[in-house]
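Okay, here's what each chain looks like letter by letter:
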Amino acid sequence: MSELSSKWSRQEWQENWTLLKSSFKAPSQEPPEPMMMERLGAEVQAWPLHRTTNGTYRLRMATWADLNHFVDLEIKGYEGYVAWDLADFHTDWQQNPYGLYLMMESMADQKPVGILVGRLRHKGAHLSHLIIDPAHQRQGLADALLDCFLSLSHGQGIRLASLEVRQSNKPAQHLYQKHGFVIQHELPNYYQQNKESAYYMACILRQAAFIRRNEDDSVKP
């Protein structure tokens, strides 16, 4: 539900995605992590804690059980709009070996306050979701998640990252531009619920504005 296929229209893509997820049933036991998450698990585990005046946060790989929180965060972060339902997340987790599911949680109560969903393929990394609970915004959590995503991508030898963003979402555009993304072109009527257009943005990772942390500000978990 992110990149448009050169062979399919968006409607055809959505119809095929709906058909795909309807063919899968919830597994009787927790399925394994996507291949890319297994590969990068140790690197994410060593990521520095994120400390703010309001508390300390830990960035980690999400688990299958965490997916139950993802739709709740969508509703909060997207003001009621659900881009992917739980079945979408389940299908992507099971069928996309390049998927990456990152979560930011409060160290005070271990509650999820932010998520990032994307995929890391050699031809390019793509960001599908970056959501921060409104109650925890403006604390650099989106920067930290995006920094991790771009750094992991760069570490895998990936040279290009891409995403789509609403034309009206100026704060998100500013965030992405700060990290090196540039608007490439418009995607008319991209969002189904209100036919709003999107901007397709891309970033050459060797030029990405990664946030560099001083060692004094980093705390290993």
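Treat the numbers as computed from the prediction; the structure is a model and nothing was measured.

**Here we look at the sheet that holds strand β8 (residues 198–204)**
The 8 strands lie next to each other as β1-β2-β3-β4-β5-β6-β8-β7, forming an open sheet whose pairing is mixed. Both edges of this open sheet fall to β1 (50–52) and β7 (182–187), since each of them pairs with a single strand only. Strand-to-strand twist across the sheet, computed as the mean angle between neighbouring axes with direction ignored, equals 25 degrees. Seen against the sheet, helix α4 (residues 86–95) touches β3 (99–106), β4 (112–121) and β5 (124–132) and runs at an angle of roughly 125 degrees to β3. In the packing of helix α6 (residues 170–178) onto the sheet, the strands contacted are β5, β6 (160–166), β7 and β8, and the crossing angle to β6 comes to about 165 degrees.

**Structural notes on unusual backbone geometry**
Its identity as a non-glycine residue notwithstanding, Asn189 has a phi of 55 degrees, on the positive side. Structurally, Asn189 can be placed in the loop between β7 and β8. Of note, the phi angle at Lys195 is positive, near 60 degrees, even though the residue is not glycine. Examined against the element boundaries, Lys195 turns out to sit in the loop between β7 and β8.

**Some details on helix α3 (residues 67–77)**
Of the residues making up α3, those classed as buried are Leu67, Phe70, Val71, Leu73 and Glu74. With its buried residues spanning 160 degrees around the axis, α3 presents them on a single face. Buried-residue contacts for α3 involve α4, β3, β4 and β5. Note on α3: the residue one or two positions beyond its end, Glu79, has a positive phi of about 55 degrees.

**Examining α4**
Looking only at α4, the buried set comprises Asp88, Phe89, His90, Thr91, Asp92 and Trp93. Its side-chain oxygen at 3.1 Å from the backbone nitrogen of Ala87, Asp85 defines the N-terminal cap of α4.

**Comments concerning the nonpolar core**
Proteins that are soluble and globular tend to have nonpolar side chains buried together. Core analysis: the biggest nonpolar cluster contains 53 residues, and Tyr101 and Tyr176 have the highest contact counts within it. Take this core: its biggest share by element is 9 residues, from helix α5 (residues 141–155). Excluding residues within four positions of it along the chain, Tyr176 makes contact with Leu127, Leu130, Leu146, Leu163, Val165, Phe181 and Met201. Counting residues in hydrophobic clusters, the runner-up holds 6 residues, among them Leu187, Tyr190, Tyr191 and Ala198.

Quick notes on the rules
Residues numbered from 1 in each chain as written. Predicted model: local features only at pLDDT ≥ 70, side-chain atom pairs only at ≥ 80, totals over all residues. Heavy atoms only, no water. Pairing = 2+ DSSP bridges. Helix = DSSP H or I, 4+ residues; strand = E, 2+ residues; numbered from the N terminus. Axes fitted to C-alpha atoms, helices over the stretch in contact; angles between N-to-C directions. Contact = heavy atoms within 4.5 Å. Buried < 20%, exposed > 50% of the residue type's maximum accessible area, 1.4 Å probe, protein only. Arc of directions from axis to C-beta. Polar contact = N/O pair within 3.5 Å; in protein donor to acceptor, adjacent residues only side chain to side chain. Core = buried A, V, L, I, M, F, W, Y, C linked by side-chain atoms within 4.5 Å.

Take it as geometry only, folks, not as evidence of what the structure does.
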